[in-house]
Structure formats: C-alpha cells, structure tokens
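Structural characterization, general
Each chain is listed here by its residues.
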Amino acid sequence: MEFRLKGSFKCSKDVSEVFDGIEAVFADANKTVLTKGAPHGEGASSRLLGIESGRVEFEIKSGRYVRAHDALLRLKKALSAYLGKEHHIGVRGVEVDAFTVKIPSDEPPKPMKIPFVREISYNAGMINLELELSLKELEDRVPDRIIRLIEEKIAKKDFGGKSEHWELLTESEPKKRIFNKDPTEEMIKRRWLIHGAVRGQWIHGIQITRIFRAFERIVVDEILKPLGYAEMIFPKVVGWDVWKRSGHLKGVYPEIYYVSPPQSRDPELWEDVINYYRVTQEVPIDMIRERMGDPIGGLCYAQCPPFWPFLQGQTIANESVPVRVFDRSGTSHRYESGGIHGIERVDEFHRIEILWLGTPDQVVKQSKALQERYKKIFDEILELEWRSAWVTPWFMAQEGMSGLSEKGEVGTIDYEAILPYNETWLEFQNLSVNGDKYPKGFNVKLQSGEELWSGCSGVGLERWAAAFLAQKGLDQENWPDRFSAIVGDVEEGAVRLV
Ligand code: SER
Ligand code: ZN
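The sections below set out a description of the structure shown in this document. Every chain begins its residue count from 1, and numbering advances along the sequence as written. Starting at A for chains and at 1 for ligands, labels are handed out in the order in which the entities are written. The predicted origin of the model limits local features to residues at a pLDDT of at least 70 and limits the giving and counting of side-chain atom pairs to 80 or more, whereas totals for whole chains, interfaces and linings rest on all residues. No hydrogens and no water enter the side-chain calculation; it runs on all heavy atoms of the structure.

Turning our eyes to something else, we now look at the overall build of the protein chain. Numbering of helices and strands runs from the N terminus; a helix is a DSSP stretch of H or I covering at least four residues, while a strand is a stretch of E covering at least two. Helix and strand counts for the protein chain stand at 15 helices and 22 strands. Just to be clear, the radius of gyration here is over C-alpha atoms, and the globule rule we use is 2.2 Å times residues to the power 0.38. For the protein chain, whose C-alpha radius of gyration is 30 Å, the value lies well above the compact-globule estimate of 23 Å for 498 residues. Expressed as lengths along the three principal axes of its C-alpha atoms, the size of the protein chain is roughly 100 × 65 × 50 Å. In the protein chain, buried positions account for 47% of the 498 residues. In this description, accessible areas are obtained by the Shrake-Rupley approach with a 1.4 Å probe, and a residue is regarded as covered only by the protein chains that are shown. Here the protein chain has roughly 25,600 Å² of accessible surface; of this, 50% comes from carbon and sulfur atoms. Between the averaged position of the 67 positive side-chain charges in the protein chain and that of its 77 negative side-chain charges there is a distance of 2 Å. Burial classification: accessible surface area is computed with a 1.4 Å probe over protein chains only, and a residue below 20% of its type maximum counts as buried, one above 50% as exposed, and the rest as partly exposed. Here the positive residues are Lys and Arg and the negative ones are Asp and Glu; neither His nor the chain ends is included. Positions of charges follow a simple convention, taking NZ of Lys, CZ of Arg, CG of Asp or CD of Glu.

Okay, the coordination of the zinc ion (ligand 2) next. Octahedral metal centres with six donors ideally show angles of 90 or 180 degrees, and tetrahedral centres with four donors ideally show 109.5 degrees. Protein coordination at the zinc ion (ligand 2) comes from Cys 304 (SG), Glu 353 (OE) and Cys 456 (SG), with a distance range of 2.1 to 2.3 Å. Note that water is not among the atoms considered, so a metal site may appear incomplete; the donors listed are N, O and S atoms within 2.8 Å of the metal, with 3.2 Å applied to Na, K and Ca. Metal sites are grouped by the angles between bound donors: all angles between 85 and 135 degrees with four donors is tetrahedral, opposite donors over 155 degrees apart with the others between 65 and 115 is square planar for four donors and octahedral for six, and any other pattern is irregular. Metal-centred angles of 89 to 119 degrees between the 4 donor atoms at the zinc ion (ligand 2) mark the site as tetrahedral. Going along the chain, you hit the donors of the zinc ion (ligand 2) in the pattern C-x48-E-x102-C. Of this pair, Cys 304 sits in the loop between strand S13 (297-299) and strand S14 (315-316) while Glu 353 sits in strand S17 (residues 348-358); the two residues are 49 residues apart in sequence, bridging distant segments of the chain. The exposure classification of Cys 304 matches that of Glu 353, with both residues buried.

Mapped onto the elements, Ser 246 comes out in helix H7 (residues 240-246). For Ser 246, a relative accessible area of 1% corresponds to the buried category. Polar contacts, as counted here, are pairs of nitrogen or oxygen atoms within 3.5 Å of one another; within protein the pair requires one atom able to donate a hydrogen and one able to accept it, and residues that are adjacent in sequence qualify only if both atoms are side-chain atoms. Within polar-contact distance, the side chain of Ser 246 engages the side chain of His 248 at 2.7 Å. In what follows, a contact means two residues having at least one pair of non-hydrogen atoms within 4.5 Å. Aside from chain neighbours lying at most four places away, what touches Ser 246 is Pro 305, Lys 437, Tyr 438 and Phe 442.

This part covers the packing of aromatic side chains. Two rings from Phe, Tyr or Trp (for Trp, the six-membered ring) form a pair when their centres are within 6.5 Å of each other. A pair whose planes differ by under 30 degrees is stacked, one over 60 is edge-to-face, and the rest are tilted. Enumeration over the complete set of coordinates arrives at 26 aromatic pairs. Note on Phe 234 and Phe 307: the rings are 5.3 Å apart at their centroids and 50 degrees apart in plane angle, and the pair reads as tilted. Residue Phe 234 is found in the loop between strand S10 (230-232) and strand S11 (237-239), and its partner Phe 307 is found in the loop between S13 and S14; the two are separated by 73 residues along the sequence. For the pair Phe 234 and Phe 307, one class covers both residues: buried. Taken together through their ring pairs, the aromatic side chains of Phe 215, Tyr 374, Phe 378, Trp 386, Tyr 415, Phe 428, Trp 464, Phe 468, Trp 479 and Phe 483 make up a single cluster. We note Arg 387 situated over the ring of Trp 425; from NZ or CZ to the ring centre the distance is 4.0 Å. Note that Lys 437 overlies the ring of Tyr 438, its terminal NZ or CZ placed 5.6 Å from the centroid. Geometrically, a lysine NZ or arginine CZ counts as sitting over a ring once it is within 6 Å of the ring centre and also within 35 degrees of the ring normal.

So, about the nonpolar core. Ile 354, Phe 378, Leu 382, Leu 469 and Phe 483 are the most contacted members of the largest nonpolar core, which totals 59 residues. Looking at this core element by element, the count peaks at 10 residues for helix H6 (residues 206-224). Beyond its immediate chain neighbours, meaning those up to four positions away, Leu 382 contacts Phe 215, Ile 218, Ile 377, Trp 464, Phe 468, Lys 472, Pro 480 and Phe 483. The set of buried Ala, Val, Leu, Ile, Met, Phe, Trp, Tyr and Cys residues whose side-chain atoms join them within 4.5 Å is what this entry labels a nonpolar core. One finds Cys 11, Ile 22, Ile 60 and Ile 147 within the second-largest nonpolar core, a separate group that totals 47 residues.

What follows deals with the environment of Val 321. Within the secondary structure, Val 321 is located in the loop between S14 and strand S15 (323-327). Here the alpha-carbon distance between Val 321 and Leu 49, two residues 272 residues apart in the chain, equals 60 Å. Those residues in contact with Val 321 that lie beyond four places of it in its chain are Ile 316, Leu 357, Gly 358, Gln 362 and Leu 446.

One side-chain nitrogen of Lys or Arg within 4 Å of one carboxyl oxygen of Asp or Glu is enough to make a salt bridge. Scanning all chains against the criterion turns up 36 salt bridges. With its nearest N and O atoms 3.7 Å apart, the salt bridge here joins Arg 328 to Glu 216. A residue pair is termed long-range when its members are at least 10 positions apart, and Arg 328 in the loop between S15 and strand S16 (331-333) and Glu 216 in helix H6 qualify at 112 residues. Exposure remark for Glu 216: the relative accessible area of 8% places this residue in the buried category.

Right, let's get into the packing of H6 against helix H10 (residues 360-381). Interaxial angles span 0 to 180 degrees and are taken between N-to-C directions of axes, which are lines fitted to C-alpha atoms, for helices over the stretch in contact. Here H6 crosses H10 at 130 degrees, and the two axes come no closer than 10 Å. With respect to their mutual orientation, H6 and H10 come out oblique. Crossing of H6 against H10: the hand is right-handed. From H6, Ile 218, Glu 222 and Ile 223 reach across to H10, where they touch Leu 370, Arg 373, Tyr 374, Ile 377 and Ile 381. Of the residues assigned to the contact of H6 with H10, the class counts are 6 nonpolar, no polar and 2 charged. Each angle gets one of four labels, with under 35 degrees taken as roughly parallel, over 145 as roughly antiparallel, 65 to 115 as roughly perpendicular, and the rest as oblique. Note on convention: the crossing is left-handed when the near helix lies turned anticlockwise from the far helix by less than a right angle, right-handed when the turn is clockwise. Here the nonpolar group is Ala, Val, Leu, Ile, Met, Phe, Trp, Tyr, Cys and Pro; Asp, Glu, Lys and Arg are the charged ones; every other residue, Gly included, is treated as polar.

Moving on, we come to the site of ligand 1. Near, as used in this document, describes a residue that has one of its heavy atoms within 4 Å of the molecule or strand being considered. Around ligand 1, the surrounding shell consists of Ala 302, Cys 304, Arg 334, Arg 351, Glu 353, Asn 430, Cys 456 and Gly 458. Within the backbone of Ala 302, a nitrogen or oxygen atom sits 2.8 Å from a nitrogen atom of ligand 1. In this structure, an oxygen atom belonging to ligand 1 sits 3.1 Å away from a side-chain N or O atom of Asn 430. Against a free-state accessible area of 230 Å², the protein chains account for coverage of 84% of ligand 1. If you list the elements that add at least two residues to the shell around ligand 1, you get S17 and strand S22 (453-460). A per-class count over the shell around ligand 1 returns 3 nonpolar, 2 polar and 3 charged.

The next point concerns the sheet that holds strand S3 (residues 55-62). Pairing is antiparallel across the open sheet formed by 6 strands, whose spatial order is S2-S3-S1-S4-S6-S5. Every interior strand has two partners, whereas the edge strands, strand S2 (45-52) and strand S5 (117-123), have only one. Pairs of neighbouring strands in the sheet enclose a mean axial angle of 15 degrees, with direction left out of account. Note: two strands are recorded as paired if DSSP finds a minimum of 2 bridges between them. Bridge count for strand S1 (residues 2-11) against strand S4 (residues 91-104) is 10 bridges, and the pairing is antiparallel. Residue pairing across strands places Gly 7 opposite Val 96, the latter belonging to S4.

Structure representation (structure tokens):
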C-alpha cells in the first residue's frame, strides 16, 4: 500500500523568513514522529516543497504503517510546537491538494461511488484512489475507512465469491425416506396454509400453526426451561442507531423492509388522499409517498439487535451472568427478492431468538449446552436427517476474528436438514458465538472487568416445519410418536370448505 499526499499548512503570519527552521522540523520529523510505531524503514517521509508567505507546502509519502494522513497530523503538531514556541506563530489550517492511495489487488475494482473519492483507477496490480478531503475528514479517520471498505471488497472476492467458509461438524444417521414431495405444495392442497396478501407471506392455518406451537413447546421444555432462559419481548421496529451498533448498517440495506411514519397525523395533510380513495377506490400511492416521513429504521431483521439497548451503557453484576433470555414475540422480515420459495424462503417469518451473554468461558459453555439439546431434539423427537457445520462468515474473517473462528470459539454453526424432494440441504437454524461484537457495539461491561461475550441462536419455525414435513410428510400417522403426541390431533378444528 502506498500513500502520497501533497498539501500546505496555513500559518497565522508570513513564515518565509524561518525557512531553515521549518526545514529542520521536517528533517527531524522524518527521523522521529513520522517513523514512530512503524517497523524500521517503513515510516512516512515528508518533504518541504516551498514557502510562500504564510503557506508551507509539503509532500508526504508513506506505506501502510504511519499512513500519510496520520503523518500529516503528526507533522502539523511538530510544526505548531516549533512555530508557536520560537516565533509565536500558529498553524491555522491545512489544505490537501492531492492525496492518492494505491492498494494492491489482483483484479480491477468495479465502478463504484465512495464519498471523498474523486477517482478510482486500476493499473499494474494496484487500485489507485484519488481522495478529495479536508482536515476534518483526516482527523475523523475517513481515509482509513475508505481503505478498509476497499480492502473488504477485495477480501470478499478472495473469499471465492462464497459468503462463508463451511466445515462439517456433526451428521445424523441417514433416515429412511418416506416422502418425496415439496411439503409447501402439499400443504396448499390441504389448505394448511395459503399465500398471504403481500409478497413472501403466508396465512398459516390451524394445522401448520399447531405444528409451530408444538415446536415452541419443545424448545421451551427441552431447552429454555432446563437451561434457565427467561422470556423477554424485543421491539420489532428497529431504529438506525441499533443497526449502527450491531453492525448491520454495513450492508443490510437491500434486504430491509423500511419503516416510515407519516409526516404528520394532521387529518388535513391526509384529506386529499382520503378523498381520492373514496371517489376512485384506488390507492393513491404517489400521494401517500409524498406524505410519508423519512424512514426511522426497518422491521425486525435479525431479532437480537433490538434487545441490546436494554443493556446499553450498563455494567452487569457478576451474579447475573450468564444472562439467558429469549424472544418469540413477533415476526422477522427480509426482502428476499427473487429467492422466495415455499415456506422456507419468505419475507415474513417466525423465529424464537435465544440470546446469552457472559464471560467467554460461560458463553462457549452455553453454546455447547445448546448444541447438545438441539441434537437430542433432532435425533429423538423430530427424528430428522440433519447435519451441522461450522461456518465463518466472510465478514468475521475480515474483522480479524478468523483466528478465534479456527479455534472453534467465535463463529456460527448452521444446522441443515435434507429435503428429499430435491436432495438439497436446507439451513433450518443457526447458533452463533459472537465474541465481544455486541457488548462492544452497545458498550456493555461486566462488573468483574472480565471480557464480555455474547451468543445467539435463531430457531426458525418455518424452517423447522419445512425440514420436518419434507422428511416425514403431512400424514400424522407417519410422524415420530413423541412429536405426534406433543402436537395432538393436527386436524382438530380445521375449517372445511365446500
Ligand atoms: N440473530 C441471528 C440471525 O439473524 C440468529 O437468529 O441470524
Ligand atoms: Zn441473534
């Protein structure tokens, strides 16, 4: 990586008389502050280009260690100290005339727009960025964020275009295949559910709802009660600040269902809309859009982030860890675009979110306890053909957590079940140890001063149903006895149509 920055310091008075002194500051800085913290010979170097009354023109070159923008701030400090002390002159401002960054990459970048980047080009294995920014952005570390963004895009490509690394952990016995149809289609035929009025949404009839509730009872009885989890109700509209802290705003935009309140609840504002609708019986979408406020956030996406403001800025008493809570109070929403399929890929879904936090040791132990309990349920109650895999999402690799992930500590376990009707594996739930990501993002501490970690696990009811019904079919007499007993008569109270 190479940086080259040309600019000038603006001083409060003419400094052309003290050229030699200023040149000495530059020479000294090159040997001291501009190399501090860098391996030998890898620091930044500055050069005085000229002085024109109060303007000190300079150039800084650097590699990745003391980056040119940091070097500039260090140099400014050194120059201010010298001019202030020796000549009672202040450094009033900085102008950046040209700032180029070269980042190695095997491939040219795709065209993109990044704030403060005037031009992006590619030449001989290097991405060249021309930045256009002021002292404020240098002080706010904007260049570092630009570089990190580009490096992430490069790393994502290097990750093989895959979103994650996948490694088999456990595998159940193969099970006898007794059903080979798509369960959603079969459920529609029997009217266990029908499409909802908006995209990617189902109206769940009595039978499938009964199955969902049976899953919930299993999770409560076999996992949450024995492991000491208590229920909470997390909000389902999530504001920007929560997603900022949870990290979701780094990339989740294409999948959010945005939430906008009205600009005002003054009936006057809405009268035209009402009149239009009353007369035409058509919904005047454009008129409604004009009266909507800015989005305040979106509908619940990952389910656990809106829990965190509950502890934000707090210190948890030692006796309260591991904190163990769960939420099943509402839907999650993701815009799945073309990917909608059956009940397993939908825009609106139901999930129990299990969340725990404590010392790293406690959090890893909870994860193990949950894994054992899940295994028992899938083997002994649902009798599924399933497997689990250790996955490292690419962003985790990027956040420098690969090491922890390789140790099998921080990362995600995906649970997958075979769908006999198309011989693919469906991810039907996950379990993650998230390290200190959330406690850090929401500034939560532990009384003892030990590191605080957290984990979460999402039990997707649609996904459990898709996996179970794909393997066992819809005829209750073919279901495992234990599960069937928990469900009760699946058809009881069903609405018959003529
Ligand atoms: N919060 C996790 C997720 O969204 C688990 O549900 O994947
Ligand atoms: Zn979560």
